[in-house]
Amino acid sequence: MKRTLTITTLILTLFSDIKVSAQDTLYWSSGYKLTYKDFRGKPDTAASYPSISVCGIKYTGHAKKNAVQTEASGIFIRPKSWAVPAEDDSLWLIHEQMNFDMAELFARKLRKTFSEYQFRYATVQQDLDSLYDINHDEMNKMHESYEKETNHGLDESAQTMWNHRIKSEMENFNKYSGN
């Protein structure tokens with residue numbers, strides 16, 4: 001009889017206890033850019049910024065006798081992401097797209113880490129969770145710096161620098177693209 005262990009984890013940058021349906025979750029794709037219609041949450045009109053995107057990484061792992069199969073995806077949660085409409089949506093949309101791209105960047109980094117993982121059946125779940133936690137902590141640190149340095153996308157110059165940085169880092173991990 002085959003022994004199989006399945007691990008599924010969904011932890012978001014914000015709101016780790018979210019329950020959402022499949023149609024509420026966007027999976028990152030190089031051919032798709034966020035639009036105003038993707039932001040379905042109730043806007044926080046008291047916030048000092050025009051939008052928020054709830055992005056993160058979903059990963060699964062499936063271990064068999066001698067191997068582990070893993071998947072990691074950058075995701076965007078529509079009902080928890082919100083925006084206050086503006087005449088010119090381009091700046092905040094770029095900012096939020098970079099949040100989504102950052103989730104994909106860290107999904108790629110996680111795919112790389114998983115590909116280098118030395119399989120141990122007895123500890124596979126703890127190992128994968130630990131690798132995920134390290135990756136998630138790094139993503140949160142980068143996200144905090146991103147939001148602070150760009151002033152939530154309001155500093156155009158800083159936003160442009162971050163756009164280049166995120167795109168460059170994604171290219172560095174292109175080998176681990178899920179697309």
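Treat the numbers as computed from the prediction; the structure is a model and nothing was measured. (Residues numbered from 1 in each chain as written. Predicted model: local features only at pLDDT ≥ 70, side-chain atom pairs only at ≥ 80, totals over all residues. Heavy atoms only, no water.)

Visitor: Before we move on, could you go through the pairing of strand 4 (residues 55-63) and cite the residues and values that matter?
Guide: Pairing geometry for strand 4 and strand 5 (residues 68-77), over 9 bridges, is antiparallel. What sits directly across from Gly-61, in strand 5, is Thr-70. Between the antiparallel neighbours strand 4 and strand 5 lie 4 residues. (Pairing = 2+ DSSP bridges. Helix = DSSP H or I, 4+ residues; strand = E, 2+ residues; numbered from the N terminus.)

Visitor: Tell me about the confidence of the model for the chain, and name the residues and values.
Guide: Considering every residue of the chain, the mean pLDDT works out to 87; 87% of them sit at 70 or more. Per-residue pLDDT, averaged within each element of the chain, yields its smallest value for strand 1 (residues 5-12) (36) and its largest for helix 3 (residues 156-172) (98). Note on residues 1-18: pLDDT is under 50 here. Beyond four places in sequence and across chains, it has 55 contacts. (pLDDT = per-residue confidence, 0-100. Contact = heavy atoms within 4.5 Å.)

Visitor: Can you break down the packing of aromatic side chains residue by residue, with the values?
Guide: Applying the stated criterion across every chain yields a total of 9 aromatic pairs. Judged by centre distance (6.1 Å) and plane angle (20°), the rings of Tyr-49 and Trp-82 are stacked. One end of the pair, Tyr-49, is in the loop between strand 2 (25-27) and strand 3 (51-52); the other, Trp-82, is in strand 6 (residues 82-83), and 33 residues separate them in sequence. A ring pair is formed by Phe-76 and Phe-100, whose centres lie 5.6 Å apart and whose planes are at 50°; its orientation type is tilted. Placement of the pair is Phe-76 in strand 5 and Phe-100 in helix 1 (residues 90-115), with a sequence separation of 24 residues. An aromatic cluster is present here, built from Tyr-36, Phe-39, Phe-76, Trp-92 and Phe-100 joined pairwise through their rings. (Phe/Tyr/Trp six-rings, centres within 6.5 Å; stacked < 30°, edge-to-face > 60°.)

Visitor: Could you give an account of helix 1, with specific residues and numbers?
Guide: Over its 26 residues, helix 1 runs 37 Å from end to end, which matches the ideal 38 Å to within 8%, given 1.5 Å per residue. The buried fraction of helix 1 amounts to 20 of the 26 residues, a majority that puts the element mostly inside the structure. (Expected span 1.5 Å × (residues − 1). Buried < 20%, exposed > 50% of the residue type's maximum accessible area, 1.4 Å probe, protein only.)

Visitor: Could you give me a rundown of the side chain of Gln-97, with the residues and numbers involved?
Guide: Along the chain, Gln-97 turns up in helix 1. Beyond its immediate stretch of four places on either side in the chain, Gln-97 contacts Trp-28, Tyr-32, Lys-33 and Leu-34.

Visitor: Break down the nonpolar core for me, with residues and values.
Guide: Core analysis: the largest hydrophobic core is formed by 34 residues, its most contacted members being Ile-57 and Ile-166. Put simply, the parts of the chain that give this core at least two residues each are strand 4, strand 5, helix 1, helix 2 (124-150) and helix 3. (Core = buried A, V, L, I, M, F, W, Y, C linked by side-chain atoms within 4.5 Å.)

Visitor: Describe the pairing of strand 5, with residues and values.
Guide: Relative to strand 5, strand 2 is paired through 3 bridges, and the arrangement is antiparallel. In the strand pairing of strand 5, Thr-25 is matched with Ile-77.

Visitor: A description of the pattern of salt bridges should follow, citing residues and the corresponding values.
Guide: Applying the stated criterion across every chain yields a total of 8 salt bridges. Glu-169 is the salt-bridge partner of Lys-109, the closest N and O atoms lying 3.4 Å from each other. Residue Lys-109 is located in helix 1, and its partner Glu-169 is located in helix 3; the two are separated by 60 residues in the primary sequence. You'll find Lys-109 and Glu-169 in the same group, each marked buried. Across the pair Arg-165 and Glu-169 runs a salt bridge, and its minimum N-O distance is 3.1 Å. With a gap of 4 residues between them, Arg-165 and Glu-169 both fall in helix 3, about one helical turn apart. Under the relative-accessibility criterion, Arg-165 is labelled partly exposed at 39%. Among the charged side chains, a network of salt bridges with common partners joins Lys-109, Glu-138, Arg-165 and Glu-169. (Salt bridge = Lys/Arg side-chain N within 4 Å of Asp/Glu carboxyl O.)

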